[in-house]
Amino acid sequence: MNTFEYLQPKSIDEAQNNFNEKSRLFAGGTDVLGLLKDHIESPEKLINLKNIPGLDKIEYVQGSGLKIGSMVKISAIAQHPLIREKYTVLAEAAESVASPQLRNVGTLGGNLCQRPRCWYFRGDFPCLRKDGGECFAVDGENKYHCIIGGEACYIVHPSDTAVALLALDAKIKISSNGKIKEVPVNDFFILPGDDILRENILQPGEVVTEVFIPEPKANMVSRYLKFTERGSWDFAIVSVAAVIEKSVNTIQNARIVWGGVAPKPWQDLEFNKNLQGLKISEDILKKVTSTLFEKAEPLEHNGYKVPLVKNLTKKILLQIA
Ligand SMILES: Cc1cc2nc3c(=O)[nH]c(=O)nc-3n(C[C@H](O)[C@H](O)[C@H](O)COP(=O)(O)OP(=O)(O)OC[C@H]3O[C@@H](n4cnc5c(N)ncnc54)[C@H](O)[C@@H]3O)c2cc1C
Ligand code: SF4
């Protein structure tokens, strides 16, 4: 690991005034320290956000929605009674992140902004995402890579909470040059075709301050299902978040989002629309999920993800019914 300066500013202004192109923001450090130790990033300055007041708050305003500060620990989200009751999909996604130790240290902001887990990226390979000359996954070990949305680079987005937040139609608040901008989750993350060196829209020095989730409708039910290779803590092979407004077992409105399949949390608006008005039954779900991911372009070793997506989607909708 290279030597670096370590700052603990007391305000966002102080953090941003001290930020330069060789700086990295530091929240829980569970990802950023791994990147330093593995020599994937070598910042000269780490700026820890933990002493900035207000970033670690969860606040619910009835009729409006829920605000979660970017420094809120993932374990606090998983355990929060109101989140468990009203935003179940987010509590379940948070609960599925890594291990209890990592959830106690890792923060929501860090979870959303963590870098991809592609083993070539994390290893000693000068790949395209590290400004190198090729993608080693294309003809290499690509069983965990994406099946859709990849272009020159085939990472999958690693955050479980991001998948749930997109399904909940959340917005991400970003402090930028003394102003706050609010961005829908879907616009926060970018594809390799937009910029192969970054995974989100953040510009140097911009800080995620908060996530806002609107008030759920009274008839909303939500769940998160995650398929992992090992029974213990692991990243998603495929995950699915479902936010459904329903009357008895008829779907009135649906927001389905998948993780583990694309470089960003993935949704299919046409599929969501087709679910409207459906009475949930095994036969109907078999039919509507049969055409899911028709546009997927799996690599040599990850075609198994397509039937997995269909089956997990069917399963979560049946659970909700
Ligand atoms: C063994 C292991 C297993 C894991 N399994 C899972 C899993 O199953 N699911 C899952 O979702 N994650 C998983 N993770 C990732 C883990 O959840 C993240 O490491 C953690 O959420 C990052 O949070 P942090 O606060 O420690 O971030 P840090 O490591 O401090 O930061 C991560 C990145 O985010 C940036 N950043 C942090 N906060 C902000 C902010 N407020 N504004 C702008 N940028 C910011 C940092 O600059 C850095 O680039 C795993 C990690 C490990 C090591
Ligand atoms: S998938 Fe992306 S991160 Fe992985 S080797 Fe290819 S270019 Fe690098």
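Only a predicted model underlies this, so the values are computations on that prediction, with no experimental measurement involved.

## So, the domain arrangement of the protein chain
When the domains of the protein chain are assigned, the result is domain 1 (1-51), domain 2 (58-114 + 154-214) and domain 3 (220-320). Using C-alpha coordinates to define each centre, domain 1 is positioned 37 Å away from domain 3.

## Examining the nonpolar core
Ile68, Leu90, Leu165 and Ile213 are the most contacted members of the largest nonpolar core, which totals 39 residues. Tallying contributions element by element places helix H9 (residues 160-167) first for this core, with six residues. Split by domain, the residues of this core number at least three in each of domain 2 (58-114 + 154-214) and domain 3 (220-320). If near-sequence neighbours (up to four positions away) are discounted, Ile213 is found in contact with Ser64, Gly65, Leu66, Ile68, Tyr87, Leu90, Leu165, Leu168 and Ala170. By size, the runner-up hydrophobic cluster in this structure holds 31 residues, among which are Ile147, Trp258, Trp266 and Ile280.

## With respect to the packing of aromatic side chains
Overall, the coordinates contain eight aromatic pairs when judged by the stated rule. Chaining the aromatic ring pairs together yields one cluster made of Tyr120, Phe125 and Phe136. Seen from the ring of Phe121, Lys130 lies directly overhead, with NZ or CZ sitting 5.7 Å from the centre.

## Focus: the side chain of Thr209
Mapped onto the secondary structure, Thr209 falls in strand E8 (residues 207-214). Taking the relative accessible area as the measure of exposure, Thr209 reaches 8% and is therefore buried. If we skip the residues at most four places from it in the chain, Thr209 touches Ile12, Leu55, Gly69, Ser70, Lys173, Ile174, Ser175 and Ile180.

## Here we look at the site of ligand 1
The environment of ligand 1 is formed by 34 residues, the closest being Leu25, Ala27, Thr30, Thr107 and Asp160. At 3.2 Å from an oxygen atom of ligand 1 is found a main-chain nitrogen or oxygen belonging to Ala98. Contributions of two or more residues to the shell around ligand 1 are made by strand E2 (23-26), helix H7 (108-113) and E8. Top contributing element to the shell around ligand 1 by residue count: H7, with four residues.

## Overview of the sheet that holds E2
If you trace the three strands from one edge of the open sheet to the other, you get E1-E3-E2, paired in parallel fashion. Sheet topology places strand E1 (5-7) and E2 at the edges, where each strand pairs with a single neighbour. The average undirected angle you get between the axes of adjacent strands in this sheet is 20°. Across three bridges, E1 lies against strand E3 (residues 45-48) in parallel orientation. In the sheet register, Glu5 faces E3, and the bridge partner there is Lys45.

## Observations concerning the packing of helix H12 (residues 282-289) against helix H13 (residues 305-320)
Two numbers describe how H12 lies on H13: the axes approach to 10 Å, and their chain directions differ by 145°. Both H12 and H13 take part in a crossing whose hand is right-handed. In this structure, H12 contributes Glu282, Leu285, Lys286 and Thr289 to the contact, and H13 contributes Lys310, Thr313, Lys314, Leu317 and Leu318. Tallied by class, residues from the contact of H12 with H13 come to three nonpolar, two polar and four charged.

## Regarding the site of ligand 2
In the vicinity of ligand 2, 13 residues are found, and the nearest of them are Cys118, Cys127, Cys135, Cys153 and Tyr154. For the shell around ligand 2, a count of residues per class yields 11 nonpolar, one polar and one charged.

## Looking at unusual backbone geometry
Positioned with a positive phi, Ala152 is a non-glycine residue whose angle comes to about 75°. Its place among the elements puts Ala152 in the loop between helix H8 (119-122) and H9. The backbone of Phe293 sits at a positive phi, close to 60°, despite the residue not being glycine. Along the polypeptide, Phe293 turns up in the loop between H12 and H13.

## What to know about H9
By the criterion of burial, H9 is predominantly enclosed, with eight of the eight residues buried. Following H9 by one or two positions, Asp169 adopts a phi angle in the positive range, close to 60°.

## Comments concerning the packing of helix H5 (residues 88-95) against H9
With their axes 8 Å apart at the nearest point, H5 and H9 run at an angle of 170° to one another. It follows that H5 is roughly antiparallel to H9 by the angle criterion. Counting all contacts with H5, which are made through Val89, Leu90, Ala93 and Ala94, the residues of H9 involved are Asp160, Thr161, Ala164 and Leu165. Taken together, the residues of the contact of H5 with H9 sort by class into six nonpolar, one polar and one charged.

## Let's talk about H5
Buried residues dominate H5, accounting for six of its eight residues. For H5, the complete set of buried residues consists of Val89, Leu90, Ala91, Glu92, Ala93 and Ala94.

Calculation rules
- Residues numbered from 1 in each chain as written.
- Chains lettered and ligands numbered in written order.
- Predicted model: local features only at pLDDT ≥ 70, side-chain atom pairs only at ≥ 80, totals over all residues.
- Heavy atoms only, no water.
- Domains from an automatic or database assignment.
- Core = buried A, V, L, I, M, F, W, Y, C linked by side-chain atoms within 4.5 Å.
- Buried < 20%, exposed > 50% of the residue type's maximum accessible area, 1.4 Å probe, protein only.
- Helix = DSSP H or I, 4+ residues; strand = E, 2+ residues; numbered from the N terminus.
- Contact = heavy atoms within 4.5 Å.
- Phe/Tyr/Trp six-rings, centres within 6.5 Å; stacked < 30°, edge-to-face > 60°.
- Lys NZ or Arg CZ within 6 Å of the ring centre and 35° of its normal.
- Near = heavy atom within 4 Å.
- Polar contact = N/O pair within 3.5 Å; in protein donor to acceptor, adjacent residues only side chain to side chain.
- Pairing = 2+ DSSP bridges.
- Axes fitted to C-alpha atoms, helices over the stretch in contact; angles between N-to-C directions.
- Left-handed = near helix turned anticlockwise from the far one by under 90°.
- Nonpolar A, V, L, I, M, F, W, Y, C, P; charged D, E, K, R; others polar.
- Parallel < 35°, antiparallel > 145°, perpendicular 65-115°, else oblique.

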